Amino acid sequence: MNLNQIIFLILRRMRAPLLMVIISYAIALIGFVLIPGADDHGQAYRLSFFDAFYILSYTATTIGFGEIPYPFTGHQRMWMTFAIYFTVIAWFYAIGAIIALFQEASLKQAIKTARFKRDVCNLMEPFYLICGYGETGSELVRALDKNELRVVVLEISPERMSELEMTDYQFYVPHLCADAKLSEVLLFAGIKNPMCRGVAALTDDDHANLAISVAIKLIKPQLPVLARVENDVVAANMASFGTDHIINPYKIFGEHLAMRLNALGTYLLHEWLTRAPGDAIAPPAAIPKGKWIACGFGRFGKSVVSSLQNGAMDVTIIEADPKGTQCKNCIVGSGVESHILQQAGIEQATGIVAGTDNDINNLSIVMTALEVNPELFVIIRKNKRHNDPLFDHFNADITMQPSDVIAHTCLSYMVSPMLAEFLTTARHQTNAWANAVIAQLVSKLGEQVPDTWDITIEGEMAFAVCSLLQQGLQPTLKHLVTSYAGNRHEMPVVPLMLVRGEQKYMLPELSTPLQIGDKILCCGMDQAKSIQRYVMHDIKTLHYIVTGTEMPETWIGRWLKS
């Protein structure tokens, strides 16, 4: 709804109050003109329409300047008394209607929608549309904001919108409380805006995420869509409409668990590059081999059991609803009872998985199990973020929260398009290779999570590189990670991957010469990213870094030097 429509809505709703004010003024005005007064000589005198309107204006607004141009007669004072009450009542009615109008939810929503549309249209930077500001959406918005990526948020819950408004982000986040399933709302949110880089459907309703994905692919098929889903049937439906990235948190956690079992270094590299910049990651403990007990065989339990069994673990399953979960070989129970755990062999177990959809039950399962076997390795599922204090105090070996898994997966696709490609390729490398990469990153960048970004050697952003290549000079990767300040020292930046045509080079050498069209994935500190972007654009600075000599200021000087 635009501004003209809002004004029309206000005028339409204020029609009766305005007519009441106009009619009351007209009746009072006519009375002042028709009722005769007396001048200072006792002669009959009638007010002009202007004088009558002037008197009525300061009387009806309770200002009061007295009786002009002559003292009123009794009839005039009687009419004045009537006019005062009549117009004041009309004003009270109009003011009450105005207050009621601006308290109406429909008008508030219309004004917020118009402001939201204006804010989205004014975005001059690339942004992502986040549909759903629950636990997953809020975590993703925080991470994107730390990575200096702009976001737009749609959320149907007013309480979650209030939470967003009270959160301090470094960039303003345009947001609207509306149903993202509606195509009109998606258009308001800027899916046709050329600056929109993608959409993340992260509501807690699979069918809502499906509706969002379908709408995007029908309205703007080339726009990337990331969708959260837990139901396999809905996931297949999403895939049929061309959804770019379908994110099942339980399947992803199972894959990460398998990675942690079989390739701990690769797992740590993945975690290190997909968390929010500045976060600290503790070295993960190795998962012990032996007998395991899994409580709960739902979507989460199936994924974890599969990964453990693929890692040559002996897994005993405890499930309260074997028929509903299609668990053919399990002990019937919830796992909170000690005799059920003992029946499963808790004394001989090396690890336990508490994977039900109830946080309190999961905590109870683990506490009961640890009383019998304190040496257990614990994997626990956390469903709700508001239970963080309980889980932080418990301090399990692995805590899985679906919202964290989804947010980190989305971040790997959004922060830089090349990061997800790098992580996929890294999974096919050896664990020793991953450990060597981590050692190199830690030695250059420290132990906190670095920032990641990608660059392309073309266009305005790489103007300086392209210009030097056309002049016959040969910049290399080393020149892009060199600071122009002082003695041209190397910055804390590590090129992770270089893509040249169909070729892909993992951890390329700094001596690699650059070519137009190269795509490079880098990670490092935020300040180094800013310096690198400046160097790539400023030809004088890059010329000094490459040649060690200052570039002449004028074209005549450059011609004479050549």
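Residue numbering note: each chain is counted from 1, following its sequence as written. Note on the predicted model: pLDDT of at least 70 is required for a residue's local features to be given, and 80 or more for side-chain atom pairs to be given and counted; whole-chain, interface and lining totals, by contrast, use all residues. Note: side-chain values were computed over all heavy atoms of the structure, leaving out hydrogens and water.

1. Some words on the overall build of the chain
Right, so step 1: In terms of helices and strands, the chain carries 25 helices and 18 strands.
Right, so step 2: Radius of gyration: C-alpha atoms only; globule rule: 2.2 Å multiplied by the number of residues to the exponent 0.38. Relative to the 2.2 N^0.38 estimate, which gives 24 Å for 562 residues, the radius of gyration of the chain is 35 Å and therefore markedly larger than a compact globule would have.
Right, so step 3: With respect to the three principal axes, the spread of C-alpha positions in the chain is 115 × 90 × 40 Å.
Right, so step 4: For the chain, with 562 residues in total, the buried portion stands at 50%.
Right, so step 5: Here, residues are in contact when the closest pair of their heavy atoms is within 4.5 Å. Contacts spanning at least 24 positions in sequence make up 66% of the contacts within the chain whose residues lie at least 6 apart.
Right, so step 6: When the accessible surface of the chain is totalled, it reaches about 27,700 Å², and 57% of it is carbon and sulfur.
Right, so step 7: In summary, the charge assignment counts Lys and Arg as positive and Asp and Glu as negative, without counting His or the chain termini. Working definition for charges: the position is that of NZ of Lys, CZ of Arg, CG of Asp or CD of Glu. Both charge centroids of the chain, one from 45 positive and one from 54 negative side chains, sit 5 Å from each other. Strands here mean DSSP runs of E at least two residues long; helices mean DSSP runs of H or I at least four residues long; both are numbered from the N terminus. Burial classes: relative accessible area under 20% of the type maximum marks a residue as buried, over 50% as exposed, and values in between as partly exposed (1.4 Å probe, protein chains only). Reported accessibility uses the Shrake-Rupley method at a 1.4 Å probe radius. Residues are deemed covered only where the shown protein chains occlude them.

2. A few points about the environment of Leu19
Right, so step 1: Secondary-structure assignment places Leu19 in helix α2 (residues 15-34).
Right, so step 2: Spatially, the C-alpha atom of Leu19 lies 9.3 Å from that of Ala94, the residues being 75 residues apart in sequence.

3. What to know about helix α16 (residues 359-372)
Since the α-helix turns once every 3.6 residues, residues separated by three or four places project in the same direction.
Right, so step 1: Take the number of residues in a helix, subtract one, and multiply by 1.5 Å to get its expected span. If you check α16, its first and last C-alpha atoms are 21 Å apart, about what 14 residues at 1.5 Å a residue would give, namely 20 Å.
Right, so step 2: Listing the buried residues of α16 in full gives Asp359, Asn362, Leu363, Ile365, Val366, Thr368 and Ala369.
Right, so step 3: Looking at the packing, one finds that the buried side of α16 touches β9 (291-295), α15 (338-344), β12 (351-354), β13 (377-381) and α17 (388-394).
Right, so step 4: Whenever a nitrogen or oxygen atom comes within 3.5 Å of another N or O atom, the pair is scored as a polar contact, on the condition that within protein one atom can donate a hydrogen and the other can accept it, and that pairs from neighbouring residues in sequence are kept only if both atoms are in side chains. With a side-chain oxygen positioned 3.0 Å from the backbone nitrogen of Ile360, the residue opening α16 is Asn358.

4. A look at the sheet that holds strand β16 (residues 493-500)
Adjacent strands of a sheet pair through backbone hydrogen bonds, lying either parallel or antiparallel.
Right, so step 1: Spatially, 4 strands are ordered β15-β18-β16-β17 in an open sheet, and the strand pairing comes out antiparallel. On the outer flanks of this sheet lie β15 (451-456) and β17 (503-506), each paired with one strand and no other. Averaged over all neighbouring strand pairs, the angle between strand axes comes to 20°, with direction disregarded. What makes two strands pair is DSSP finding at least two bridges between them. Think of each axis as a best-fit line through the C-alpha atoms, taken over the contacting stretch in the case of a helix, with angles from 0 to 180 degrees between the N-to-C directions.

5. Concerning the packing of aromatic side chains
Where two aromatic rings form a pair, the distance of their centres and the angle of their planes describe that pair.
Right, so step 1: Side-chain rings of Phe, Tyr and Trp, where Trp is taken by its six-membered ring, are said to pair if the distance between their centres is within 6.5 Å; with planes under 30 degrees apart they count as stacked, over 60 as edge-to-face, and otherwise as tilted. Per the counting criterion, the structure on display carries 8 aromatic pairs.
Right, so step 2: Aromatic side chains Phe253 and Phe300 sit 5.4 Å apart centroid to centroid with 35° between the ring planes, which places their arrangement in the tilted category. Note that Phe253 is positioned in helix α11 (residues 249-262) and Phe300 in helix α13 (residues 299-310), a separation of 47 residues in sequence.
Right, so step 3: Judged by centre distance (6.4 Å) and plane angle (45°), the rings of Phe422 and Trp433 are tilted. A residue pair is termed long-range when its members are at least 10 positions apart, and Phe422 in helix α19 (residues 417-426) and Trp433 in helix α20 (residues 431-445) qualify at 11 residues. Of the two residues, Phe422 and Trp433, both sit in the buried class.
Right, so step 4: Each member of the aromatic cluster is reached from another via a ring pair, and the members are Trp79, Phe82 and Phe86.

6. Quick look at the sheet that holds strand β8 (residues 245-247)
Right, so step 1: Spatially, the 6 strands line up as an open sheet ordered β5-β4-β3-β6-β7-β8, and their pairing is parallel. With partners counted over all chains shown, the strands left at the sheet margins are β5 (175-177) and β8, one partner each. Within this sheet the neighbouring strands show an average axis-to-axis angle of 15°, counted without direction.
Right, so step 2: The sheet contact formed by strand β7 (residues 225-228) and β8 spans 3 bridges and is parallel.

7. Focus: empty space enclosed by the protein
Right, so step 1: Method remark: on a 1 Å grid restricted to protein atoms, a set of points is classed as a cavity if a 1.4 Å probe fits but cannot get out and as a pocket if it is open with protein on both sides within 12 Å along at least five of seven lines; lining residues have an atom within 4 Å of a point. Grid points are joined across faces, edges and corners, and a volume is the space filled by probe spheres set on the points. Under the defined criterion, the tally for this structure stands at 1 cavity of 30 Å³ or more.
Right, so step 2: Reported here for the largest cavity is a volume of approximately 40 Å³.
Right, so step 3: Lining the largest cavity are Gly37, Ala38, Tyr45, Leu47, Ile68, Pro69, Tyr70, Pro71, Phe72 and Gln76.
Right, so step 4: Ten residue types, Ala, Val, Leu, Ile, Met, Phe, Trp, Tyr, Cys and Pro, are classed as nonpolar, four, Asp, Glu, Lys and Arg, as charged, and the remainder, Gly among them, as polar. Looking at the lining of the largest cavity residue by residue, the class counts come to 8 nonpolar, 2 polar and no charged.

8. Considering the confidence of the model for the chain
Right, so step 1: Scored by pLDDT, the chain comes out at a mean of 87, with 96% of its residues at no less than 70.
Right, so step 2: Think of pLDDT as the predictor's per-residue confidence, scored from 0 to 100. Mean pLDDT in the chain bottoms out at helix α25 (residues 555-561), which sits at 55, and peaks at strand β3 (residues 127-131), which reaches 96.

9. Side note on the pattern of salt bridges
Right, so step 1: Take a side-chain nitrogen of Lys or Arg and a carboxyl oxygen of Asp or Glu: if they are within 4 Å of each other, that pair is a salt bridge. For the structure on display, the rule yields 15 salt bridges.
Right, so step 2: Residue Arg142 pairs with Glu139 through a salt bridge whose shortest N-O separation is 3.1 Å. Of this pair, Arg142 and Glu139 both sit in helix α6 (residues 135-146), separated by 3 residues, roughly a single helical turn.
Right, so step 3: By relative accessible area, Arg142 is classed as partly exposed at 28%.
Right, so step 4: With relative accessibility at 14%, the residue Glu139 sits in the buried group.
Right, so step 5: Taken together, the shared-partner salt bridges in this structure form one network comprising Glu155, Arg160 and Asp204.

10. So, the environment of Tyr534
Right, so step 1: Relative to the assigned elements, Tyr534 resides in helix α23 (residues 526-537).
Right, so step 2: On the basis of relative accessibility, which here comes to 41%, the residue Tyr534 falls in the partly exposed class.
Right, so step 3: Considered as a pair, Tyr534 and Gln170 are 364 residues apart in the sequence and their alpha carbons are 22 Å apart.
Right, so step 4: Beyond its immediate stretch of four places on either side in the chain, Tyr534 contacts Tyr484 and Thr541.

11. A few points about the nonpolar core
Right, so step 1: The biggest cluster of nonpolar side chains holds 48 residues, and the ones touching the most others in it are Ile130, Leu140, Trp292 and Leu308.
Right, so step 2: For this core, the element with the most residues is helix α18 (residues 402-414), which contributes 6 residues.
Right, so step 3: When neighbours within four sequence positions are excluded, Ile130 is seen to be in contact with Gly137, Leu140, Val141, Leu144, Val151, Val152, Val153, Leu154, Ala200, Leu202 and Met414.
Right, so step 4: The criterion is simple. A nonpolar core is a set of buried Ala, Val, Leu, Ile, Met, Phe, Trp, Tyr and Cys residues joined through side-chain atoms within 4.5 Å. Grouped together as the second largest cluster of nonpolar side chains are 31 residues, Phe116, Leu123, Cys196 and Ala235 included.

12. Looking at the pairing of strand β4 (residues 150-155)
The side chains of a regular strand alternate between the sheet's two faces.
Right, so step 1: Burial analysis of β4 places 6 of its 6 residues in the buried class, the great majority of the element.
Right, so step 2: Alternating residues of β4 divide into Arg150, Val152 and Leu154 and Val151, Val153 and Glu155, and every residue in both groups is buried.
Right, so step 3: For the handedness criterion, the strands are oriented away from the viewer, and a crossover whose path from the first strand over the helix to the second runs clockwise is classed as right-handed. Handedness of the crossover is the feature at issue here: the chain leaves β3, passes through α6, returns alongside β4, and the resulting connection is right-handed.
Right, so step 4: Examined bridge by bridge, β4 and β5 share 3 bridges and lie parallel to one another. Each bridged residue has a counterpart across the sheet, and for Val153 the counterpart in β5 is His175.
Right, so step 5: In this fold, β4 hands off to helix α7 (residues 158-166), which returns the chain to β5; that crossover is right-handed.

13. What to know about the side chain of Asp145
Right, so step 1: For Asp145, the location among the structural elements is in helix α6.
Right, so step 2: Buried charge without a salt bridge: Asp145, with Arg150 as the nearest opposite-charge side chain at an N-O distance of 6.4 Å.
Right, so step 3: The residues touching Asp145, leaving out its near neighbours within four places in the chain, are Tyr169, Gln170 and Phe171.

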